[in-house]
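Below, each chain spelled out in residue letters.
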2 protein chains.
Amino acid sequence: MFYAKIISSGLYSPEKIMTNEEFERLTGMKIEPHYSEVLGINHRHISDEKETPAFMAAEAAKRALENAGMKPEDLDLIILGTDTPEAISPPTAPKVQYLIGANKKEVPVFDVNASCANGALLIDIAAKYIASGDYENVMVIGTYAMTKFLSWKYPWEALFSDGAGALILSKSDKPGYIGGVMRADGSWWNNWGIYMGTGKMNIEGIERGLHKLDLRAPYPATVNEEGWPMMIERFLQKYRITKEEIGMIFFTQVRKKSIINVMEKLELPLEKTHMIMEKYGYTGSACVYMAYHDAYENNMLKNLEGKVILFMTSGVGYQQVVSGFRF
Amino acid sequence: MFYAKIISSGLYSPEKIMTNEEFERLTGMKIEPHYSEVLGINHRHISDEKETPAFMAAEAAKRALENAGMKPEDLDLIILGTDTPEAISPPTAPKVQYLIGANKKEVPVFDVNASCANGALLIDIAAKYIASGDYENVMVIGTYAMTKFLSWKYPWEALFSDGAGALILSKSDKPGYIGGVMRADGSWWNNWGIYMGTGKMNIEGIERGLHKLDLRAPYPATVNEEGWPMMIERFLQKYRITKEEIGMIFFTQVRKKSIINVMEKLELPLEKTHMIMEKYGYTGSACVYMAYHDAYENNMLKNLEGKVILFMTSGVGYQQVVSGFRF
């Protein structure tokens, strides 16, 4: 049995910022003080033309490699998660592979899409590849350029920010990766998304606004506030882990108040989670890797040896995934 | 150690057909006798408005369930592969989960995109989930609606057809799934694709034709004709399997002549492969599952017990994956 360990991380966040005040001026919509107080979001990072999903992913990947002292050819697999892809086809991952110079060794790559639930899911897939024994170093990357799909006319669009995060998972004979728990309910498929797909990518689709992110029916806050504690309880039960063993939980960085409520429900202190929305906004598929990297950089993962680290992610569709490591 | 076995399959092919003659009439381009003789393609199946990627996937999935005598709630995971997605976000898989009624049990789902290399890759991922011990029955689905991305003005567009294929893999304590070998080279990313993605989904993108499949620089036939035998040799070497143990190879159904050349290079008789492009056209992510189902239906998989069955798939980006079972 081989276990996966996180050995490195990296992130990329576009330089350009739009504050809440600027958002209000641009859209003529009032979002404050709700956005800073309830969602924890003060500003968003806006990718420019050069900062495509593949570009940002490659930058985060290069930094994770650098932090690990590794070369692109040391990677055995790259898994990229996004629901803001560079193109319909090919997938985004091979472009990133080329941008970081991993194409010379023909490093295998593929894209995964479970929308913003990607963070925990990619780890689960990567760990299973490592468990098979054939893969030494697997990189997972989440990249998010949702501001490019915004109409800038609804207050809820203030949620979104761009960025990318990457982790390198490596084979270890000591635990290591524990496992994952998932659930999904496709009856929510029509609620929120970018509905321009096969058969709709035409002028008529654009006239209908399908090329923009569309909130048709909001998800209730309970989807996460009840779903997350339930999923974490399931995880603890499945792998016979006590709440006391939890060292840190990285949640989808979607709503500060929800994370606080969930930690309360779990009867865990707020020190056992880390929030980055105040710094980076909400970055979808990238956010839990960015949160991990930020926690690591701020020495928050010291003294957690032997503790359990969880990634709890949610995405439209909808899908929820929790996965975790013995640190 | 748990192994995966294929226990069932199903396919869906749209009723509407366009013959080579009709293609020539529509486009004013001559494709014959090249298409029927070299590519093995006489006609293509054209999905109608109702036959979206999710719809076709759900139909193939229902048939695979029916053939297995299983209910949707018997599935523990659904992995869907496509590069013609229903939408940008959410992924296609949760919609399919809902359409087949697997949402009631909240069956986990996610999309994978390694373009037309999806067939062998999804099997590899599914088998790793089964190997972990937590997943009993995993469905893999490939769906393809590429005709909806065609301009109907280039002769190479005659290649494409629509359809979906599904397999159910189940846990077994006897081998079973053997493993997979992959490679990718993202320096080919710009050659062939549907380049409308993040930042380009707008009127300007449509004016530039990015919403249509675009062949910018053809792949040489050698990519498959040299790549496939090399990948199969690597597989045999890695898992210490002799050529004589091969019972059947399902290749990406892209070019009849290439498959014949590859079987010659491998010194294997043509009976050890199965081609369906004459019946169904080229159906990308769906084609190897459709070929498997067709071979099964035609009793071609009888008497292969103990033999090795391979799936060898290629896709733009590019990516190549071979995976195999002890049957």
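Residues numbered from 1 in each chain as written. Chains lettered and ligands numbered in written order. Predicted model: local features only at pLDDT ≥ 70, side-chain atom pairs only at ≥ 80, totals over all residues.

(A) Structural context of the overall build of chain A. Each helix and strand in chain A was counted, giving 10 helices and 13 strands. In summary, chain A has a C-alpha radius of gyration of 19 Å against a globular reference of 20 Å for 327 residues, a match within 12%. Along the longest, intermediate and shortest principal axes, the C-alpha atoms of chain A span 55 × 50 × 35 Å. Once local pairs closer than 6 in sequence are excluded, the contacts in chain A between residues at least 24 apart make up 78%. (Helix = DSSP H or I, 4+ residues; strand = E, 2+ residues; numbered from the N terminus. Rg over C-alpha atoms; globule rule 2.2 N^0.38 Å. Contact = placed C-beta atoms within 7 Å.)

(B) The arrangement of the sheet that holds strand β12 (residues 308-315) of chain B in detail. All names here are of chain B. As summarised here, the arrangement of the 4 strands in space is β8-β13-β12-β11, forming an open sheet in which the pairing is mixed. Looking at strand neighbours, the two that pair on one side only are β8 (177-184) and β11 (246-251), the edges of this open sheet. Strand-to-strand, the axes of this sheet are offset by a mean angle of 15°, without reference to chain direction. The pairing of β12 with strand β13 (residues 319-326) spans 8 bridges and is classified as antiparallel. Looking across to β13, one finds that phenylalanine 311 is bridged to serine 323. With respect to the sheet, helix α5 (residues 118-131) is in contact with β8, β12 and β13, its orientation differing from that of β12 by roughly 125°. (Pairing = 2+ DSSP bridges. Axes fitted to C-alpha atoms, helices over the stretch in contact; angles between N-to-C directions.)

(C) Quick look at the relation of the copies chain B and chain A. Rotating chain B by 180° and moving it 0.0 Å along the rotation axis overlays it on chain A with an RMSD of 0.0 Å. The transformation just described matches what one would write down for a two-fold rotation axis. Measuring from the rotation axis to each C-alpha of chain B, the shortest distance belongs to valine 112 of chain B, at 2.2 Å. (Least-squares fit on C-alpha atoms with pLDDT ≥ 70 in both.)

(D) Structural view of the interface of chain B and chain A. Taken together, the contacts link 58 residues of chain B with 58 residues of chain A. Put simply, the parts of the chain that give the side of chain B that touches chain A at least two residues each are α4 (92-99), β5 (109-113), α5, β8 and α6 (203-207) of chain B. Counted by class, the side of chain B that touches chain A contains 30 nonpolar, 18 polar and 10 charged residues. Pairing geometry for strand β5 (residues 109-113) of chain A and β5 of chain B, over 3 bridges, is antiparallel. Residue pairing in the sheet places aspartate 111 of chain A in a bridge with asparagine 113 of chain B of β5 of chain B. (Nonpolar A, V, L, I, M, F, W, Y, C, P; charged D, E, K, R; others polar.)

(E) Main features of helix α4 (residues 92-99) of chain A. Most of α4 of chain A is tucked away, with 8 of its 8 residues classed as buried. For α4 of chain A, the complete set of buried residues consists of Thr92, Ala93, Pro94, Lys95, Val96, Gln97, Tyr98 and Leu99 of chain A. On its buried side, α4 of chain A packs onto α3 (53-68), β4 (77-81), β5 and β6 (137-145) of chain A together with β8 and β13 of chain B. Two residues or fewer after α4 of chain A comes glycine 101 of chain A, characterised by a positive phi angle close to 80°. (Buried ≥ 20, exposed ≤ 12 C-beta atoms within 10 Å, placed from the backbone.)

(F) Focus on the sheet that holds strand β1 (residues 3-12) of chain A. The sheet built from 10 strands is open, its strands ordered β1(A)-β7(A)-β6(A)-β4(A)-β5(A)-β5(B)-β4(B)-β6(B)-β7(B)-β1(B) with mixed pairing. Since the sheet does not close on itself, it has two edges, and those belong to β1 of chain A together with β1 (3-12) of chain B, each with one partner. In this sheet, adjacent strand axes meet at a mean angle of 25° when their direction is disregarded. The pairing of β4 of chain A with β6 of chain A spans 5 bridges and is parallel. Its bridge partner lying in β6 of chain A, leucine 80 of chain A is registered against isoleucine 141 of chain A. Lying over the sheet, helix α5 (residues 118-131) of chain A contacts β1, β4, β5, β6 and β7 (162-172) of chain A together with β5 of chain B, oriented at roughly 165° with respect to β6 of chain A. Strand contacts of helix α3 (residues 53-68) of chain B: β1, β4 (77-81), β6 (137-145) and β7 (162-172) of chain B, with the helix running at about 120° to β1 of chain B, the strand carrying the most contacts.

(G) Structural detail: the packing of helix α7 (residues 222-238) of chain B against helix α8 (residues 256-265) of chain B. Residues and elements named next belong to chain B. Contact geometry for α7 and α8: axes closest at 9 Å, N-to-C directions at 40°. Handedness of the α7/α8 crossing: right-handed. Residues Asn224, Glu225, Trp228 and Pro229 of α7 pack against Ser258, Asn261, Val262 and Lys265 of α8. Its residues placed into classes, the contact of α7 with α8 shows 3 nonpolar, 3 polar and 2 charged. (Left-handed = near helix turned anticlockwise from the far one by under 90°.)

(H) Focus on the domain arrangement of chain A. Residues and elements named next belong to chain A. We note that the domain assignment places domain 1 (3-173) and domain 2 (179-326) within chain A. Relative to domain 2, the C-alpha centre of domain 1 lies at a distance of 14 Å. Residue-level contacts link 44 residues of domain 1 with 39 residues of domain 2. At the level of secondary structure, the elements contributing two or more residues to the side of domain 1 that touches domain 2 comprise β1, α2 (34-39), β3 (43-45), α5, β6 and β7. When its residues are assigned to classes, the side of domain 1 that touches domain 2 shows 22 nonpolar, 18 polar and 4 charged. (Domains from an automatic or database assignment.)

(I) Summary view of the pairing of β11 of chain B. Residue and element names in this part refer to chain B. Counting buried positions over the 6 residues of β11 gives 6, a clear majority of the element. The pairing of β11 with β12 spans 5 bridges and is classified as parallel. Counted as the bridge partner of phenylalanine 250 is phenylalanine 311 from β12.

(J) How the structure looks around helix α7 (residues 222-238) of chain A. Residues and elements named next belong to chain A. The first and last C-alpha atoms of α7 sit 23 Å apart over 17 residues, in line with the 24 Å expected at 1.5 Å per residue. Asn224, Trp228, Met231, Ile232, Phe235 and Leu236 are the residues of α7 that are buried. Backbone geometry just after α7 places arginine 240 at a positive phi near 50°. (Expected span 1.5 Å × (residues − 1).)

(K) Quick look at the pairing of β1 of chain B. Residue and element names in this part refer to chain B. Burial within β1 is extensive, with 7 of its 10 residues counted as buried. As paired strands, β1 and β7 are joined by 9 bridges and run antiparallel to one another. Its bridge partner lying in β7, glycine 10 is registered against alanine 166.

(L) Main features of unusual backbone geometry. Between glutamate 32 of chain B and proline 33 of chain B the backbone carries a cis peptide bond, its omega angle lying at 5°. For proline 33 of chain B, the position within the fold is in the loop between α1 (20-27) and α2 (34-39). Looking along the chain, the bond that leaves serine 89 of chain B and enters proline 90 of chain B is cis, with omega of -5°. The residue arginine 240 of chain A is not glycine, and still its phi comes out positive at about 50°. Positionally, arginine 240 of chain A belongs in the loop between α7 and β11 (246-251). Taking the C-beta count within 10 Å as the criterion, arginine 240 of chain A has 7 such neighbours and is therefore assigned exposed. Residues other than glycine seldom take positive phi values, yet tryptophan 152 of chain B does so here, at roughly 55°. Here tryptophan 152 of chain B is to be found in the loop between β6 and β7. The partly exposed category is assigned to tryptophan 152 of chain B, around which 13 C-beta atoms lie within 10 Å.

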